[in-house]
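Chain residues, written in single-letter form:
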Amino acid sequence: MLQKTKLDLPHRTGKIILFLLLSLGIIAFIFTRSLQPGTESEQESGFFVWLLQLMGLGGSDTGWLEYLVRKTAHFVEYACLGGVLACFWRAVLLRHGLAGLLAGITAAVVASVDETIQRSVPGRTGQFSDVLLDTAGAVTGAAMVLLILWLWGRRWRNP
């Protein structure tokens, strides 16, 4: 009788599909934000600036606060994407290190496409510095998720 290996488990395919769909959903969210004209994007950022100032954070320098809100949004969006991509690649490869590397590479490609999209939208610019920021966010998110998965696995292997 042949013994099934971990690679043949049906739940693994489910994980791959789940994390692929989540990744595509996050990418779609990011791209729809990039397709917003500059005025709409500024209004959205302005709302968060207003909220921060309402809470007494950020002082009166609205320009600096808006810049900070925009860059934080880039980092957080891509940290979420990196975490989900790490789970996707982990399910595909069953290896943590390679999953993290591929999550970072995949996110860098997405960030490059994202910034290219912005170049064709009125009032928006594509910036290489944003590609670097997005990739850093993705790598951070991937590293955090993979560390949590590794620690979780150690806990259950060595109670």
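A. Inspection of the environment of serine 45 at higher detail. Its location among the elements puts serine 45 in helix α2 (residues 38–54). Sequence-wise, serine 45 and arginine 70 are 25 residues apart; in three dimensions their C-alpha atoms are separated by 6.6 Å.

B. The arrangement of the layout of surface pockets in detail. Considered as a void within the structure, the largest pocket measures approximately 710 Å³ in volume. Counting residues per element, the lining of the largest pocket draws most heavily on helix α3 (residues 62–93), at eleven residues. By residue class, the composition of the lining of the largest pocket is nine nonpolar, eleven polar and eleven charged.

C. Structural context of the side chain of aspartate 114. Positionally, aspartate 114 belongs in helix α4 (residues 96–119). Although buried, aspartate 114 forms no salt bridge, and the nearest oppositely charged side chain, arginine 124, lies 6.5 Å from it.

D. Structural view of the confidence of the model for the chain. The share of residues in the chain with pLDDT of 70 or more is 91%, and the mean pLDDT across the chain is 87. Confidence, read as mean pLDDT per element, is least for α2 in the chain (79) and greatest for α4 (94).

E. Quick look at the pattern of salt bridges. A complete count under the given rule lists two salt bridges for this structure. Here arginine 70 makes a salt bridge to glutamate 66, at a shortest N to O gap of 3.4 Å. Taken together, the residues arginine 70 and glutamate 66, both in helix α3 and four residues apart, mark about one turn of the helix. Residue classification places arginine 70 among the partly exposed positions, given a relative accessible area of 25%. Where aspartate 130 meets lysine 71, a salt bridge forms, and the shortest distance between an N and an O atom there is 2.5 Å. Taken together, the positions of aspartate 130 in helix α5 (residues 128–157) and lysine 71 in helix α3 put the pair 59 residues apart, joining distant regions of the chain.

F. Structural view of α2. With 17 residues, α2 should reach 24 Å at 1.5 Å per residue; the first-to-last C-alpha distance of 24 Å fits that figure. For α2, the complete set of buried residues consists of Gly38, Ser41, Ser45 and Val49. Relative to the axis of α2, the buried residues are bounded by an arc of 75° and lie together on one face. Turned more than 90 degrees away from the buried face of α2, the exposed residues are Thr39, Gln43 and Leu54. On its buried side, α2 packs onto α3. At the exit of α2 stands glycine 56, carrying a positive phi of roughly 85°.

Basis of the calculations
- Residues numbered from 1 in each chain as written.
- Predicted model: local features only at pLDDT ≥ 70, side-chain atom pairs only at ≥ 80, totals over all residues.
- Heavy atoms only, no water.
- Helix = DSSP H or I, 4+ residues; strand = E, 2+ residues; numbered from the N terminus.
- 1 Å grid on protein atoms, 1.4 Å probe; cavity = no way out; pocket = protein on both sides within 12 Å on 5 of 7 lines; lining within 4 Å.
- Points joined across faces, edges and corners; volume = space filled by probe spheres on them.
- Nonpolar A, V, L, I, M, F, W, Y, C, P; charged D, E, K, R; others polar.
- Buried < 20%, exposed > 50% of the residue type's maximum accessible area, 1.4 Å probe, protein only.
- Lys, Arg positive; Asp, Glu negative; His and termini not counted.
- Salt bridge = Lys/Arg side-chain N within 4 Å of Asp/Glu carboxyl O.
- pLDDT = per-residue confidence, 0-100.
- Expected span 1.5 Å × (residues − 1).
- Arc of directions from axis to C-beta.
- Contact = heavy atoms within 4.5 Å.

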